[in-house]
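# Descriptive structure summary
Here is how the chains run, residue by residue.
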Amino acid sequence: MIKLKEYFCFGDAHCAIEKSEVSDERFYPMHVAGLPEEEKEDYLKFFDELTQKAFQKLLEQAQQLQRQKSFDSMIDFGDNIAGGANQEGIKSEKAKRELRKYYELIANALPKIPISFLRSGHVMGYNDQITEIQGQKGGKMSIESFNAAKELIGKPWFSEKVEEFMLLFLDSETTRESKNFSNPEQDFFIEKAKEQEKFIQECLENASRNNNKIILFIHDPMQLKELQKTLRPYKENIVLILAGHIHSPAIWKIYCLFSKIVKTFKIRIPKILQRTPKQQAIQSLIQEMADMQETIRSFNIEIIPAIWGQVGLPQQIILGRGGYAILTLNNDQFSLTHYKL
């Protein structure tokens, strides 16, 4: 057997390259908003040091594997920095500066290794059901952050042909924002989402004609439901989907279980109880779980873990160990191996 290619897959570093400020309201406000003022700085300092230490450990592990020639390329699944103020993405100079410094750290540690970056919520601008349940409003992706990403991240979607495989790298954030009716710039993202779907369609058709196996890479797996119509005719060719965002394969399994329960029993919050924004956000999350069930049943979806851990709780508590994964393409076969940091 001849090894074709191995990819070092990691993501959701949420690395605080610079000191996190409470005023930014960008760093998990649910965890700090209720703390006394003097404890907010302590919590952010703890999280800054945690993410920085985890990222440095990842780079050291990658350097060791590189010396052993254990991978050929890297894929960053996004949410690599803490994000812009008020979850507005890379609009502020501080956020742009942090992203550049993040890239420099990787380039200095691994100067000869090619790397691909996926667009993600905390970098592009972000607000979803979970952040609304946490009490955070106002974050969104914008044309400004989309255009900044052209320079700082690269193409929003692209493909790579590796022998018998077609690899598709997708932009989940454009798909999500095209459905965000509260975004005044929604029309722009609707057009961009159509462009991406046309790109996906053409790649899938080409891969199908050539009997290629297809692997998708995406930050937010929940946005796959919006691409279901485009993907469905080629589900026999799509052998694997890799995603970030969830932070943990174990959490993804729990989400899939709840998705099945919600869909099977048609669970929903009565309209009379959907009065507050938080109640509406919970119902929206329940509906998302129901809508995701077809996607979960149709495709083999694997989660790339966050490098620092899986869940951050108040009072400096982190659940789960961080990690990364190696994707191996070998002739017409593939494998995914998870590693702990």
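The text that follows walks through the structure, step by step, so that each part is easy to find. (Residues numbered from 1 in each chain as written. Predicted model: local features only at pLDDT ≥ 70, side-chain atom pairs only at ≥ 80, totals over all residues. Heavy atoms only, no water.)

## What to know about the pattern of salt bridges
All told, the structure shown has 16 salt bridges when counted by the stated rule. A salt bridge links R176 to E173, with the nearest nitrogen and oxygen atoms 2.0 Å apart. Placement of both R176 and E173 in helix 7 (residues 172-178) is noted, with a separation of three residues, approximately one turn of the helix. Judged on exposure class, the residue R176 and its partner E173 are both buried. Across the pair K194 and E191 runs a salt bridge whose closest N-O atoms are separated by 3.7 Å. Of this pair, K194 and E191 both sit in helix 8 (residues 186-209), separated by three residues, roughly a single helical turn. Owing to a relative accessible area of 44%, E191 belongs among the partly exposed residues under this scheme. By sharing partners, the salt bridges in this structure join E18, R97 and K101 into a single network. (Salt bridge = Lys/Arg side-chain N within 4 Å of Asp/Glu carboxyl O. Helix = DSSP H or I, 4+ residues; strand = E, 2+ residues; numbered from the N terminus. Buried < 20%, exposed > 50% of the residue type's maximum accessible area, 1.4 Å probe, protein only.)

## A few points about the packing of helix 3 (residues 93-109) against helix 6 (residues 143-152)
Where helix 3 contacts helix 6, the two axes come as close as 12 Å, and the packing angle between them is 25 degrees. Regarding the angle of helix 3 to helix 6, the classification is roughly parallel. The way helix 3 lies across helix 6 gives a crossing that is right-handed. In this structure, helix 3 uses K96, L99, R100 and Y103 to contact helix 6, whose residues at the interface are A148, E151 and L152. The residue inventory of the contact of helix 3 with helix 6, partitioned by class, reads four nonpolar, no polar and three charged. (Axes fitted to C-alpha atoms, helices over the stretch in contact; angles between N-to-C directions. Parallel < 35°, antiparallel > 145°, perpendicular 65-115°, else oblique. Left-handed = near helix turned anticlockwise from the far one by under 90°. Contact = heavy atoms within 4.5 Å. Nonpolar A, V, L, I, M, F, W, Y, C, P; charged D, E, K, R; others polar.)

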